[in-house]
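Structural characterization, general
Spelled out from the first residue to the last, the chains are:
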Amino acid sequence: MSGHVVDSPPAAAAATLNAIWVKSAYARLRPRAMLAWLVIVLSVAAFLYLVVYLVTAEHRYLQHEQAAKTALLPLIILQAFILMVMGTATVASGFARERGAELLDYHRLTPMSPSSKILGFLFGLPVREYLLFALTLPFVGYAAMRGDLSPWKLLLFYAVFFCSTWVYHMTALVAAMCVKRPWSAQAITLGMVAGLYLVLPQLGRIGFTIFEFLTVRPTFYGMVAGEVSDVTARRNPFFEYQIQRWQQVEFFNLSLSPVLFSLLVEGFVLLSLFLVVHRKWRNEQHHPFPKLYAIFCGLVVHVVLVGSIWPFITRLEKYNLLYGRMRGALRLDSSMHALLLILFVLLAVCGVGGGVLIQLVSPTIQTMRSGLRRARKIGSRRLSFNSDAASALPVALAVSGLTFVSYSAILAVASHSSLFDMQPTSWLAHWAPPLLIGLLLMFVFLLSELLGVKVMAFTLFVLWMIPFFVQVILLGAFGREVLAVYVGLTSPFLDLYLVCANFVEHAHTGDAVTLDIMPASWRTGIDAMILSMLSLYAAAVLALGGLWWRRHTNLRRVELG
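Residues numbered from 1 in each chain as written. Predicted model: local features only at pLDDT ≥ 70, side-chain atom pairs only at ≥ 80, totals over all residues. Heavy atoms only, no water.

**So, the overall build of the chain**
When you go through the chain residue by residue, the secondary structure sums to 26 helices and two strands. Taken across its 561 residues, the chain has 52% of its residues classed as buried. Across the chain, every contact between residues at least 6 apart in sequence was considered, and the portion connecting residues at least 24 apart equals 77%. As displayed, the chain offers around 26,400 Å² of accessible surface, 68% of which is attributable to carbon and sulfur atoms. (Helix = DSSP H or I, 4+ residues; strand = E, 2+ residues; numbered from the N terminus. Buried < 20%, exposed > 50% of the residue type's maximum accessible area, 1.4 Å probe, protein only. Contact = heavy atoms within 4.5 Å. Areas by Shrake-Rupley, 256 points an atom, 1.4 Å probe, with all protein chains shown as cover.)

This is how it looks when you write it as structure tokens:
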């Protein structure tokens, strides 16, 4: 008998696949558990299709072709729930379970590349959900064929659908990299996905459409919704408005396909998340981003923010399409009210996004000390700019500078647009908004490197939230408006509103509707309020900057000699 063992065909096929994917498939595709899921999904998919198709067709609400198209809507929702909700939760809990059991160290020792391991988890952990998704495709295919839906448009829609799914699954891997408990990873991941899918896209309603492309909705309305149900579009004004809005994507002066723009935006987010997991896979102590990529990421965010709002402040038809619908809800009595909203949201997003980037690349004192010791061993007197041990000062300066550039670009375009009647203002009114954001970013950077993330978070709560609470009490209970402003001068969102409102009122020509953005009691002392606020943060930045410089000088002298 020969000693040579011939692998069976399944074993030979498995040997050519990603080992982590094969392991996950064996664990999650056990016949007994799969049988129950197959019955549930097939039953639900059949019910959703038949109840919509038969009820609308047999009762003659719609023609058979229209009824088949309409039946696609609940099927797509079911598919989104399977992959985007169930699949994302599975990735988060499964990866956190592997990490909690300390199996990631074992995976790190295997000869596979980090990219192969990440892809193995990305597609292996939700393998059951992919199979369940596949069970719904025959219903979708029959509905598309029966309804004469364009196969090309459906294919493009699913390209964006899967790209969105992978963004959410990568988000789950990022969360699970930081949390060992499966239930905590699930909760954090679903919270992050809710933020990506429900919270941030709301900014698209006021012109920052870039955030809506974190979802599949623009592609659905632009490519599929118009064909799915013409009757629904005619009966539902909101549905019709969305279809009209997403036929083309306006970005600066370009008109792009919603599919192309969605793939570009989600592809960039997917690349960034993959980089985080890849770096953490190689070493859990690594920062999520290298500093150069953090600056590049900030640059991309600022470009897409300005590019997405650009058409709405340069073209009357785009302005009316968006802000004309908001006049009643947000009391946008004039275009200057809309400009205030644009500036406030732009600077708030720049501030929050810049603060997050700074936190992601700020080293602890232990990291800096270790980096300096390694530099001394190799005979170097300085740290590499991109090193995790290097200071995040260049990133803080870069995101602050980008905020000035974005603010200046928006105002330059608005001043030359016929939509806004603007006049020159004082230096303080004009430059106070970006200067405030720059000081806040430097303040957060210095606190982070001096105190660490946890102590910094507590400090910011004391400095920002407690005065805000006192301010609300003074305004609501006692009506002390001026005193409330001075008490809350450290609250960044009130300060941002104050400087933006002051600029808009000074830039207003007075020919349009009279602005009443600020209470009358604020107007007499507005310059003093703004100067006090900027001086307060400037003094804090200077004082903390001195402590930061002294600590870095002492640290370099001790560690480098």
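**Observations concerning helix α19 (residues 365-377)**
Here α19 is 13 residues long and its end C-alpha atoms lie 19 Å apart, about the 18 Å a rise of 1.5 Å per residue gives. Those residues of α19 that fall on the buried side of the exposure criterion are M368, G371, L372 and A375. In an axial view of α19, the angular spread of the buried residues amounts to 100°, which keeps them on one side of the axis. Structural note: α19 exposes Q366, R374 and K377 on the side pointing more than 90 degrees away from its buried face. (Expected span 1.5 Å × (residues − 1). Arc of directions from axis to C-beta.)

**Considering a nonpolar patch on the surface**
Residues F458, F461, V462, M465, I466, F468, F469, V470, V472, L483 and V487 make up a contiguous nonpolar surface patch of about 880 Å² in total accessible area. Contributing elements (two or more residues each) for the nonpolar patch: α22 (453-478) and α23 (481-487). Structurally, the position occupied by F461 is in helix α22. Looking at F461, the relative accessible area reads 41%, which means it is partly exposed. (Patch = residues over 30% accessible without salt bridge, like charges linked within 9 Å, V, L, I, M, F, W, Y side chains within 5 Å. Salt bridge = Lys/Arg side-chain N within 4 Å of Asp/Glu carboxyl O.)

**So, the confidence of the model for the chain**
Looking at the chain, the pLDDT average stands at 83 and 88% of residues meet or exceed 70. Here residues 1-15 scores under 50 on pLDDT; set against residues more than four positions off or in separate chains, the count is two contacts. (pLDDT = per-residue confidence, 0-100.)

**Topic: the packing of aromatic side chains**
Between two aromatic rings, the relevant description is the distance of the centres plus the angle of the planes. Across all of its chains, the model carries 33 aromatic pairs by this definition. Ring plane angle 40° and centroid distance 6.1 Å describe the contact between F95 and W281, whose orientation is recorded as tilted. Here the residue F95 occupies a position in helix α5 (residues 72-100), and W281 occupies one in helix α14 (residues 258-282), the gap between them amounting to 186 residues. Aromatic side chains F461 and F469 sit 6.4 Å apart centroid to centroid with 70° between the ring planes, which places their arrangement in the edge-to-face category. On the basis of relative accessibility, which here comes to 40%, the residue F469 falls in the partly exposed class. Taken together, F123, Y130, F133, F157, Y158, F161, F162, W166, F220 and Y221 form an aromatic cluster joined through their ring pairs. (Phe/Tyr/Trp six-rings, centres within 6.5 Å; stacked < 30°, edge-to-face > 60°.)

**Details of the packing of helix α7 (residues 114-124) against α14**
Look at α7 against α14: their axes get within 10 Å of each other, and the N-to-C directions meet at 115°. In this structure, the crossing between α7 and α14 has a hand that is right-handed. Packed against α7, whose contacting residues are P114, S115, K117, I118, L119 and F121, the element α14 presents F274, V277, H278, W281 and R282 at the interface. Residues of the contact of α7 with α14, tallied by class, amount to seven nonpolar, two polar and two charged. (Axes fitted to C-alpha atoms, helices over the stretch in contact; angles between N-to-C directions. Left-handed = near helix turned anticlockwise from the far one by under 90°. Nonpolar A, V, L, I, M, F, W, Y, C, P; charged D, E, K, R; others polar.)

**Digging into the pattern of salt bridges**
Any two side chains of opposite charge can pair, on the condition that their charged atoms come close. Evaluated as defined, the whole model comprises four salt bridges. The residue E98 makes a salt bridge to K23 at a minimum N-O spacing of 2.8 Å. One end of the pair, E98, is in helix α5; the other, K23, is in helix α2 (residues 19-28), with 75 residues separating them in the sequence. Close ionic contact of R28 with E129 constitutes a salt bridge, the shortest N to O distance being 2.8 Å. Of the two residues, R28 sits in helix α2 while E129 sits in helix α8 (residues 127-146), which places them 101 residues apart along the sequence. Just as R28 is buried, E129 falls in that class too.

**Side note on the side chain of R128**
With respect to the helices and strands, R128 occurs in helix α8. The side chain of R128 sits in the buried core without any salt bridge; E129 is the nearest counter-charge, 5.5 Å away. Ignoring any residue separated from it by four or fewer positions in sequence, one finds R128 in contact with R28, L29, A33, M34 and W37. (Lys, Arg positive; Asp, Glu negative; His and termini not counted.)

**Describing helix α20 (residues 393-415)**
Here α20 contains 23 residues, and its C-alpha end-to-end distance of 33 Å stays within 8% of the 33 Å for a straight helix at 1.5 Å per residue. Taken together, the buried positions of α20 are V395, A396, V399, S400, L402, T403, S406, Y407, I410, L411, V413 and A414. Its buried side turned inward, α20 meets α15 (291-309), α18 (335-361), α21 (427-451) and α24 (492-507).

**Considering the environment of G401**
Its place among the elements puts G401 in helix α20. Judged by relative accessible area, which is 30%, G401 ranks as partly exposed.

**A word on the nonpolar core**
Counting 159 residues, the largest nonpolar core has F95, F161, L173 and F208 as its most contacted members. A per-element tally of this core places α18 first, with 15 residues. With sequence-adjacent residues up to four places away left out, F95 is seen in contact with L104, F121, L125, L173, A176, M177 and W281. The next biggest cluster of nonpolar side chains, apart from the first, holds eight residues, and it includes M368, L383, A389 and L560. (Core = buried A, V, L, I, M, F, W, Y, C linked by side-chain atoms within 4.5 Å.)

**Describing unusual backbone geometry**
Of note in the backbone geometry, F252 takes a positive phi value of approximately 55° without being a glycine. Tracing the backbone shows F252 in the loop between β1 (249-251) and β2 (254-256). The class of F252 is partly exposed, set by a relative accessible area of 27%.

**Let's talk about the environment of D495**
Mapped onto the elements of the fold, D495 is located in helix α24. In this structure, the C-alpha to C-alpha distance between D495 and V485, residues ten residues apart in sequence, is 8.6 Å. Those residues within four positions of D495 in sequence are excluded, and the remaining contacts are L436, G488, L489, T490, M533 and Y537.

**Observations concerning the packing of α15 against α18**
Where α15 contacts α18, the axes come no closer than 10 Å and their chain directions differ by 165°. With respect to α18, the element α15 is oriented roughly antiparallel. Along this stretch, α15 crosses α18, giving a crossing that reads as right-handed. Along its contact with α15, which presents K291, A294, C297, G298, H302, L305 and I309, the element α18 presents I342, L346, V349, C350, L357 and V361. (Parallel < 35°, antiparallel > 145°, perpendicular 65-115°, else oblique.)

**Considerations on the environment of L48**
Note on placement: L48 falls in helix α3 (residues 31-58). Discounting residues that sit within four places of it in the chain, L48 has contacts with P74 and L78.

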